Amino acid sequence: RRAEAERRYSADLERAVEERTRALSDEMRERKATEQRLGALQADLVQANKLAALGQITAGVAHEVNQPLATIRLLAENGLAMLPDARPAPPEVAGNLATIVRMADRIGHITAELRGFARKATGRTEPVKLGEAFEASLLLHASRLRSDMVRVIAPPIPPDLAVMGDRIRLEQILVNVLQNAQDALADRPDPQIVVTLRQTAETVTLSIADNGPGLSPEAAAKLFIPFTTTKPDGLGLGLVIAHDIARDFGGSLRADPPAPGQGATFHLDLRRAP
Ligand SMILES: Nc1ncnc2c1ncn2[C@@H]1O[C@H](COP(=O)(O)OP(=O)(O)OP(=O)(O)O)[C@@H](O)[C@H]1O
Ligand SMILES: [Mg+2]
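Residues numbered from 1 in each chain as written. Chains lettered and ligands numbered in written order. Predicted model: local features only at pLDDT ≥ 70, side-chain atom pairs only at ≥ 80, totals over all residues. Heavy atoms only, no water.

### Brief notes about the overall build of the protein
So, point 1. Per the secondary structure count, the protein includes six helices and seven strands.
So, point 2. Element order for the protein, N to C, with α for helix and β for strand: α-α-β-α-β-β-α-β-β-α-α-β-β.
So, point 3. Taken over the C-alpha trace, the protein has a radius of gyration of 29 Å; the compact-globule value for 274 residues is 19 Å, which it surpasses by more than 25%.
So, point 4. Over its C-alpha atoms, taken along the principal directions, the protein stretches across nearly 125 × 45 × 40 Å.
So, point 5. When each of the 274 residues of the protein is scored for burial, the buried share is 29%.
So, point 6. Restricting to contacts in the protein with at least 6 residues of sequence separation, those with at least 24 account for 74%.
So, point 7. For the protein, the exposed area adds up to about 17,700 Å²; of that, 57% sits on carbon and sulfur atoms.
So, point 8. Separation of charge centres in the protein, based on 34 positive and 35 negative side chains, amounts to 2 Å. (Helix = DSSP H or I, 4+ residues; strand = E, 2+ residues; numbered from the N terminus. Rg over C-alpha atoms; globule rule 2.2 N^0.38 Å. Buried < 20%, exposed > 50% of the residue type's maximum accessible area, 1.4 Å probe, protein only. Contact = heavy atoms within 4.5 Å. Areas by Shrake-Rupley, 256 points an atom, 1.4 Å probe, with all protein chains shown as cover. Lys, Arg positive; Asp, Glu negative; His and termini not counted. Charge placed at Lys NZ, Arg CZ, Asp CG, Glu CD.)

Encoded structure:
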């Protein structure tokens, strides 16, 4: 009898171990899948940010090239007009000047096209769940926030609260603002990010405040101008991109004016989805 009981006991134990092992490996599989999804999402965002940066750079270059180009064209035209008075007229000059004018026109067409391309917003907006986008953005920062011991205080966002936008690009805004907050909080004794949510019938405002050093007056004055950065490895494009996207959504991104002893606060205004 005792042998029988022992046998049953060990069979039970084995079964329990087996079940637990199965549960654990299920969990591990799920974790791995989540990690993969997260990795793909992050890659998408990085890519979207790079494309947006490329757009900004292209627009900037096209703009800068146009100025000297217009001068080149004008001078060539002037030369062409003055040529008949020059005695003796050197043989190939007229042809060369005409070619310069044509080439300048051609470059002008290319830069105009580049500018048009860079400015093209996808334009389409659709209802996006704000809570999901926010959670996903936060998740992308989770490991660094944890390792930097940053406390994130965020309100529950109603799961059905939707705003007009586009999921990836909305996350792009949030990721850029969170990234800046995180950068500002490096080496702070009690790093903290406080998120607040305000709603009206037509709008939703998500505010992200950090307790870092705050914006310098110079940075605040040029916040949304490309290539202004105070970071050694910054591009100075994050907020420009975020600002453009918010505007495409029919919303806005703004910062509180700097105040001594206060961190930075950014407000993202979005249209509420009907
Ligand atoms: N939360 C913040 N606290 C303090 N300064 C900030 C904060 N957010 C932005 N800034 C200032 O605004 C500048 C511009 O920010 P932006 O995100 O556009 O560019 P960046 O972070 O310098 O570079 P990147 O292109 O990598 O984002 C920063 O260099 C910084 O000086
Ligand atoms: Mg940035």
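### Some points on unusual backbone geometry
So, point 1. With a phi angle near 55 degrees, M149 is a residue other than glycine that sits in the positive phi range.
So, point 2. Note that M149 resides in the loop between α3 (130-147) and β2 (151-153).
So, point 3. Using a relative accessible area of 67% as the deciding quantity, one classes M149 as exposed.
So, point 4. Even without a glycine there, the phi angle at D187 is positive, about 65 degrees.
So, point 5. By the secondary structure assignment, D187 is in the loop between α4 (167-185) and β4 (192-199).

### Overview of the sheet that holds β4
So, point 1. Taken together, five strands build an open sheet; the order of strands is β2-β4-β5-β7-β6 and the sheet is mixed. Pairing within the sheet leaves two strands with one partner each, and these edge strands are β2 and β6 (252-255). Recorded for the sheet is a direction-independent mean angle of 15 degrees between the axes of neighbouring strands.
So, point 2. Pairing geometry for β2 and β4, over three bridges, is parallel. Across the sheet, the residue bridging to R151 is Q192, located in β4.
So, point 3. The strands touched by α4 are β4, β5 (203-210), β6 and β7 (265-271); relative to β5, the strand with the most contacts, the crossing angle is about 20 degrees. (Pairing = 2+ DSSP bridges. Axes fitted to C-alpha atoms, helices over the stretch in contact; angles between N-to-C directions.)

### Structural notes on the layout of surface pockets
Think of a ball as big as a water molecule: rolled over the atoms, this probe shows where empty space is left.
So, point 1. Taken as a whole, the largest pocket encloses approximately 1,300 Å³ of empty space.
So, point 2. Lining the largest pocket are 43 residues, and of these Q179, N180, D183, K231 and G238 sit closest to its centre.
So, point 3. Looking at the lining of the largest pocket, the elements that each hand over two or more residues are α1 (2-82), α3, α4, α5 (217-221) and α6 (238-248).
So, point 4. In terms of residue count, the dominant contributor to the lining of the largest pocket is α4 (ten residues).
So, point 5. Residues belonging to the lining of the largest pocket are distributed by class as follows: 19 nonpolar, 16 polar and eight charged.
So, point 6. Three or more residues apiece are contributed to the lining of the largest pocket by two domains, here domain 1 (1-120) and domain 2 (126-271). (1 Å grid on protein atoms, 1.4 Å probe; cavity = no way out; pocket = protein on both sides within 12 Å on 5 of 7 lines; lining within 4 Å. Points joined across faces, edges and corners; volume = space filled by probe spheres on them. Nonpolar A, V, L, I, M, F, W, Y, C, P; charged D, E, K, R; others polar. Domains from an automatic or database assignment.)

### Some remarks on the UniProt feature "coiled-coil region" (unreviewed entry) in the protein
So, point 1. Within this numbering scheme, the UniProt entry marks residues 24-51 as carrying the feature "coiled-coil region" (unreviewed entry).
So, point 2. Secondary structure content for residues 24-51 is 100% helix and 0% strand, and the end C-alpha separation is 40 Å. (UniProt positions renumbered as here; feature names shortened; annotations may be inferred.)

### Quick notes on the pairing of β4
So, point 1. Taken together, the seven bridges between β4 and β5 define a ladder with antiparallel strand orientation. Across the sheet, residue T196 finds its bridge partner in β5, namely S207.

### Description of the pattern of salt bridges
Pairing between side chains of opposite charge can happen when their charged atoms approach one another.
So, point 1. Evaluation of the coordinates by the stated rule reveals 14 salt bridges.
So, point 2. Salt-bridge contacts for R73 lead to D105; the nearest nitrogen and oxygen are separated by 2.4 Å. With R73 in helix α1 and D105 in helix α2 (residues 93-119), the pair connects residues that are 32 residues apart, well separated along the chain.
So, point 3. Between D244 and R247 there is a salt bridge, with the nearest N and O atoms lying 3.3 Å from each other. Separated by three residues within a single helix, D244 and R247 lie in helix α6, roughly one turn from each other.
So, point 4. Here the residues in one salt-bridge network are E4, R7 and R8, joined through shared partners. (Salt bridge = Lys/Arg side-chain N within 4 Å of Asp/Glu carboxyl O.)

### Observations concerning a nonpolar patch on the surface
So, point 1. Residues I57, V61, V65, I107 and F227 make up a contiguous nonpolar surface patch of roughly 390 Å² in combined accessible area.
So, point 2. Sort the elements by how many residues they give to the nonpolar patch and α1 lands first, with three residues.
So, point 3. Relative to the assigned elements, F227 resides in the loop between α5 and α6. (Patch = residues over 30% accessible without salt bridge, like charges linked within 9 Å, V, L, I, M, F, W, Y side chains within 5 Å.)

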